[in-house]
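# Analysis of the macromolecular model
What follows is each chain in one-letter form.
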Amino acid sequence: MELSPDTIKVLWEEGISLVAQIVPSLIFALLFYLIGRFIVNKLVKGFGLILEKREANPSLNSFLVGLVKALLYVSLFIGVATILGVPMSSFLAILGAAGLAIGLALQGSLSNFAGGVLILLFKPFKVGDVITGQGHTGTVSKIDILYTHLLTFDNKEVVIPNGNLANSDVINITAQPTRRVDIAVGVSYNTDLKKAREVILDILKKDERVHADPEPVVWLNNFGDSSLDLVVRAWANKDDVWPVYFETMEKIKGAFDQHHIEIPFPQRVVHQLS
């Protein structure tokens, strides 16, 4: 079946009209995309430089740059779609449905993701800090956007989801420059407490790592079953806490032996009734 000349003429005119309508939109959309991409790249690069000058956490910098880049490109593509005449209501509905599906599928990861952002942004702890969280104590070796890595004192690596850390208590043991050293010492009931206190304080005052302010103290803490329980409290730099603790324990034992101060062992007094 052959088309009549009039039909061909009409189709040709409709084609020319359609091309005349589409081509300018395509050219404008292409120009908009190229110029927009150039601007987006410049904005992302400038934002990255600002974050570098602030000396923020590298993991947080990478995440924020990626997030800003994604948002700007989504805005750019929406602009291109608008120029091409794509209905925005349908486009946004598709984006919303996709976002909902992804959110439901990754809700656990999104919780860790949000927790990682909070940790990197507010910095309750940083790499190198010793923390206690989720029942584990160790040195923070790495903070990712989803997980925090702890290195325990026996060289085990513990990986904790950031969502759990961000929504629970975390003890930052090394956050402050100084810490208190607490030592429990037991002496027998016939001990001269004044003499025992003088011996212990003399040891602490001779240790240059122990701070004079606040000054160390020794107090009677409890009447135990077999001993008078003393509590020794002194302050030191956070890096000196454990050396001071262990060495002071040994020095107290030696000084007590020298001054004949008894460190008792558990004992019971039995009375026999006739």
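These numbers were taken from a predicted model, which means no experiment stands behind them.

It is worth spelling out the confidence of the model for the protein at this point. When pLDDT is averaged along the protein, the result is 83, and 80% of the positions lie at 70 or above. Ranking the elements of the protein by mean pLDDT puts helix 3 (residues 88-105) last with 63 and strand 8 (residues 228-237) first with 96.

What follows deals with the sheet that holds strand 1 (residues 130-133). Read from one edge of the open sheet, five strands run 4-3-2-1-5, paired in antiparallel fashion. The sheet is open, and its two borders are formed by strand 4 (157-161) and strand 5 (170-172), each paired with just one other strand. Looking at each pair of strands side by side, their axes are set apart by 40 degrees on average, direction ignored. Note: strand 2 (residues 136-143) against strand 3 (residues 147-151), four bridges, orientation antiparallel. Each residue of the ladder has a partner; that of isoleucine 143, found in strand 3, is threonine 148.

On to the nonpolar core. One finds Val185, Val187, Ile200, Leu204, Leu230, Val232 and Phe256 to be the most contacted residues of the largest nonpolar core, which totals 23 residues. Elements supplying a minimum of two residues to this core: strand 6 (178-187), helix 6 (193-206), strand 8 and helix 7 (241-258). It is helix 6 that contributes the most residues to this core, six residues altogether. Apart from residues lying up to four places away in sequence, valine 232 is in contact with Val181, Asp182, Ile183, Val185, Ile200, Leu204, Val217 and Val218. In this structure, Ile119, Leu120, Ile131 and Val158 belong to the second largest nonpolar core, which totals 10 residues.

A few words on the packing of helix 6 against helix 7. Where helix 6 meets helix 7, the closest approach of the two axes is 10 Å, and the angle between their N-to-C directions is 135 degrees. With respect to helix 7, the axis of helix 6 lies oblique. In this structure, helix 6 crosses over helix 7, and the sense of that crossing is right-handed. Between helix 6 and helix 7, the contacting residues are Ala196, Val199, Ile200, Ile203 and Leu204 on the first element and Thr248, Lys251, Ile252, Ala255 and Phe256 on the second. By residue class, the composition of the contact of helix 6 with helix 7 is eight nonpolar, one polar and one charged.

What counts, and at which threshold
- Residues numbered from 1 in each chain as written.
- Predicted model: local features only at pLDDT ≥ 70, side-chain atom pairs only at ≥ 80, totals over all residues.
- Heavy atoms only, no water.
- pLDDT = per-residue confidence, 0-100.
- Helix = DSSP H or I, 4+ residues; strand = E, 2+ residues; numbered from the N terminus.
- Pairing = 2+ DSSP bridges.
- Axes fitted to C-alpha atoms, helices over the stretch in contact; angles between N-to-C directions.
- Core = buried A, V, L, I, M, F, W, Y, C linked by side-chain atoms within 4.5 Å.
- Buried < 20%, exposed > 50% of the residue type's maximum accessible area, 1.4 Å probe, protein only.
- Contact = heavy atoms within 4.5 Å.
- Parallel < 35°, antiparallel > 145°, perpendicular 65-115°, else oblique.
- Left-handed = near helix turned anticlockwise from the far one by under 90°.
- Nonpolar A, V, L, I, M, F, W, Y, C, P; charged D, E, K, R; others polar.

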